[in-house]
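# Chains, contacts and geometry: an overview
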There are 2 protein chains.
Amino acid sequence: MSHAKIRNMEEFAALSGISRPTVSKFFHDPDSVRKSTRERIEAALEQYNYRPNIYAVNQNRRMTKNFGIVVPYLADPFFAEIARNIEELVIAAGYRPILMSSHGEPANEVENLDALRAIKPAGVLLAPLGRASDRDAVAAFCRDVPTVHFDSNIEGMGDVFVGHDNDHATALMVDYLARTGEPPAFFEMRTPTNPNAGKRRRAYIATMERLGHEPQIVQVEGQDWEFERIGYEGGLRVLSDRSLATDTVFCSNDRLAIGFLAAAFEKGLRVGRGEGSALRVAGHDNHPFTRYTCPTLTTVAQNYRAISRKSVEEMLALIESDERPATRETTLFDGELIVRASA
Amino acid sequence: MSHAKIRNMEEFAALSGISRPTVSKFFHDPDSVRKSTRERIEAALEQYNYRPNIYAVNQNRRMTKNFGIVVPYLADPFFAEIARNIEELVIAAGYRPILMSSHGEPANEVENLDALRAIKPAGVLLAPLGRASDRDAVAAFCRDVPTVHFDSNIEGMGDVFVGHDNDHATALMVDYLARTGEPPAFFEMRTPTNPNAGKRRRAYIATMERLGHEPQIVQVEGQDWEFERIGYEGGLRVLSDRSLATDTVFCSNDRLAIGFLAAAFEKGLRVGRGEGSALRVAGHDNHPFTRYTCPTLTTVAQNYRAISRKSVEEMLALIESDERPATRETTLFDGELIVRASA
DNA sequence: ACTTTTTCTTTACGCGCGTCAAATTTTCGT
DNA sequence: ACGAAAATTTGACGCGCGTAAAGAAAAAGT
């Protein structure tokens, strides 16, 4: 690689012996030029290490190759994993991923969307905060930018929604728990921000009724995104109260369950499904850390690979078609029961 | 806010009754124009919702207001938390943060740096992968772009390093463990990618020798970033072997310790510092989840708020001075002993 | 070898904004 | 109220690249 710094495409074109418009064409699609031409440019490229100025490139284009990814809370490894998956797929599709986290704050969410709008992305994959989201701001954004919602469904927003089938997954777990022991109580936050929580509660109730059991819902306080703490504190209270009518607890999500496990441990309660266990605890999501809790957590896995792939595919289709779909499509993927030691 | 879409600054200037050059000046520094002028522009701004095209703005500037943040592995909540902190500080300083994760892969790290270079950031905060990093690529990047390294110190690279004082923190924990029970063995990966690991090992040995104890180092295999699994599998082996000469284990980091705790739990060993406990386990970093392990994990906290703040401050100073420092500065922050239930 | 098709070159304009110089207007001190 | 200083306007150019049109050159077909 040469030391010489190239200032612009004009210079690079001169050095490679090709005209600038052809070089420009090459950078948009290397296969759009004759093979011999491509090789000459590529040879020059290796020698001089030139790259088009992305600001100049994007200035006139109505749409860029940028691809926004917004998650509600990146410090949650679940979202970090999904984001990683999506990033890979986006890069493979030839786009540049731009990852943003709302850190649980609606104000950040709006800021992120504003920043994205300024970047003129080809499309955005958005997992909204949910109940806390500024609905008007999100709706306005979705009107301006092709948007696929994932994980968290806000009815009517976004062109497409891709997510987890909470009904199916919840039934799967309730069935399993009821079949192998006492029917579960449902443990959740009183005012969950994530709309999945409501779906899961309703699915729990429906399944319990279908099985002829009385639903028991335990709701704990807590507003922020530190679910482990909320599960822990709520767990301590519930276990002290002895208010549970059953020895089996199905937590609305894994992070609550992790906190609940910590509370049970502190109370000296043995968690598991064998003899000598006082409590069964199950979660939902197959959070990366549930393999290393004590005991390991029985849960329902979200098929986050399928969700990631479908989300990106839908977005690419949206971009290619260059028109917004008339009807809002929804795709849900089945969860998978992961039986471990805790229930 | 009006419905009318503004195409460019020319139009917006006309609508606000101010000339374009003055409007341009306003967007660079609202206080650089007369108060009455500023108010007229701001009034128009509320009415028409115009924002300068960032691509056109950045096209000629040698440096933008972009601020790169690269972490080695975002699915680790420790880095997610640091990134969150840094993002906030960066925004407060008037820059636009661009967060990237290398996902543990050197190839991704190089890609991220390439992408950042194309964006012409004012500066970059880089936590490199460490041993696995492509040293030449990182060095070349640091030559072109003002870079502050944090967390992971690669000797001689970057203009500034800000990190955790591993010597001090390790001594703190070894002192504590030796004072309150048997002196600890040191549990780590054989070939850790992160340079902090080596520092911690050496500090452990030095402190043990200072205290007149024989160091015992237990190394386990494992290459990737799934430290919990590595700690778990290594822990199972160590506990089966009964190769430990002590009942106290100091893990090189919290994620290994989380895995080790899971192994101890599976082996039926009671972990803690009280009577009836078979094992003490300690970690390092104060990972967000260590408050919810079973038992809660005794660890040494990194002062990540101070590290974040200092990193950003150093970067801003670097940007303002507009020159690269002659000597490479290093700032280390003291850790804090966090005594919980596990040791 | 000659025609047709494909690809490339030349020339030129436009994008939205930064920025400069000169002319003009406004503000401020007294 | 007047002159100096500060702010704004006017007019113009440049940045790096996309892109269009017309003509030249190369490749492909016969």
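So, a few notes on the structure that sits alongside this text. (Residues numbered from 1 in each chain as written. Chains lettered and ligands numbered in written order. Predicted model: local features only at pLDDT ≥ 70, side-chain atom pairs only at ≥ 80, totals over all residues. Heavy atoms only, no water.)

Attention now moves to the overall build of chain A. Scanning chain A for helices and strands turns up 12 helices and 12 strands. In terms of its C-alpha atoms, chain A occupies a principal-axis envelope of roughly 80 × 40 × 30 Å. In chain A, once contacts between residues fewer than 6 apart in sequence are set aside, the share between residues at least 24 apart is 72%. Carbon and sulfur atoms provide 47% of the accessible area of chain A, an area that totals close to 14,800 Å². One way to put it: in chain A the 41 positive side-chain charges average out to a point 4 Å from where the 47 negative ones average out. (Helix = DSSP H or I, 4+ residues; strand = E, 2+ residues; numbered from the N terminus. Contact = heavy atoms within 4.5 Å. Areas by Shrake-Rupley, 256 points an atom, 1.4 Å probe, with all protein chains shown as cover. Lys, Arg positive; Asp, Glu negative; His and termini not counted. Charge placed at Lys NZ, Arg CZ, Asp CG, Glu CD.)

All names here are of chain A. Across the sheet, 4 strands lie side by side as β7-β6-β8-β9; this open sheet has parallel pairing. Taken across any chain shown, the strands that pair with only one partner, and hence form the sheet edges, are β7 (217–220) and β9 (280–282). Averaged over all pairs of adjacent strands, the angle between strand axes in this sheet comes to 25°, irrespective of strand direction. As defined by bridge partners, strand β6 (residues 185–189) adjoins strand β8 (residues 248–251) across 3 bridges and the pair is classed as parallel. Bridge assignment links F186 to a residue of β8, and that residue is F250. The strands touched by helix α9 (residues 195–210) within the sheet are β6 and β7, with β6 carrying the most contacts at an inclination of about 165°. (Pairing = 2+ DSSP bridges. Axes fitted to C-alpha atoms, helices over the stretch in contact; angles between N-to-C directions.)

This part is about the protein's contact with DNA strand D. Around DNA strand D sit 24 residues, and of these A:M9, A:S24, A:Y50, B:S19 and B:T37 come closest. In this structure, a base nitrogen belonging to DNA strand D sits 3.3 Å away from a side-chain N or O atom of B:R20. A distance of 2.4 Å separates a phosphate oxygen of DNA strand D from a polar atom in the side chain of B:T37. Of all elements in the fold, only α2 (20–28) and α4 (54–60) of chain A together with α2 (20–28) and α4 (54–60) of chain B reach the threshold of two or more residues within the surface near DNA strand D. At 4 residues, α2(A) tops the list of elements feeding residues into the surface near DNA strand D. Of the residues in the surface near DNA strand D, the class split is 9 nonpolar, 11 polar and 4 charged. (Near = heavy atom within 4 Å. Polar contact = N/O pair within 3.5 Å; in protein donor to acceptor, adjacent residues only side chain to side chain. Nonpolar A, V, L, I, M, F, W, Y, C, P; charged D, E, K, R; others polar.)

This part covers the pattern of salt bridges. Throughout the structure, instances matching the rule amount to 38 salt bridges over all chains. With its nearest N and O atoms 3.0 Å apart, the salt bridge here joins B:D31 to B:R38. Relative accessible area serves as the criterion here: at 60%, B:D31 is assigned to the exposed category. In this structure, the salt-bridge partner of B:R190 is B:E221, at a minimum N-O distance of 2.4 Å. Here B:R190 is found in the loop between β6 (185–189) and α9 (195–210), whereas its partner B:E221 is found in the loop between β7 (217–220) and α10 (227–241), with 31 residues between them in sequence. Residue class for B:E221 comes out partly exposed when judged on its relative accessible area of 48%. Via salt bridges that share partners, A:D224, A:E226, A:R229, A:E233 and B:R291 belong to a single interconnected network. (Salt bridge = Lys/Arg side-chain N within 4 Å of Asp/Glu carboxyl O. Buried < 20%, exposed > 50% of the residue type's maximum accessible area, 1.4 Å probe, protein only.)

Moving on, we get to the packing of helix α8 (residues 166–180) of chain B against α9(B). Residue and element names in this part refer to chain B. As a packed pair, α8 and α9 sit with axes 8 Å apart at the nearest point and diverge in direction by 45°. In terms of axis orientation, α8 runs oblique to α9. Crossing geometry of α8 relative to α9 is assigned as right-handed. When α8 is examined against α9, the residues N166, D167, T170, A171, V174 and D175 are found in contact with a partner set consisting of N196, K199, R200, A203, Y204, T207, M208 and R210. Of the residues belonging to the contact of α8 with α9, the class tally is 5 nonpolar, 4 polar and 5 charged. (Parallel < 35°, antiparallel > 145°, perpendicular 65-115°, else oblique. Left-handed = near helix turned anticlockwise from the far one by under 90°.)

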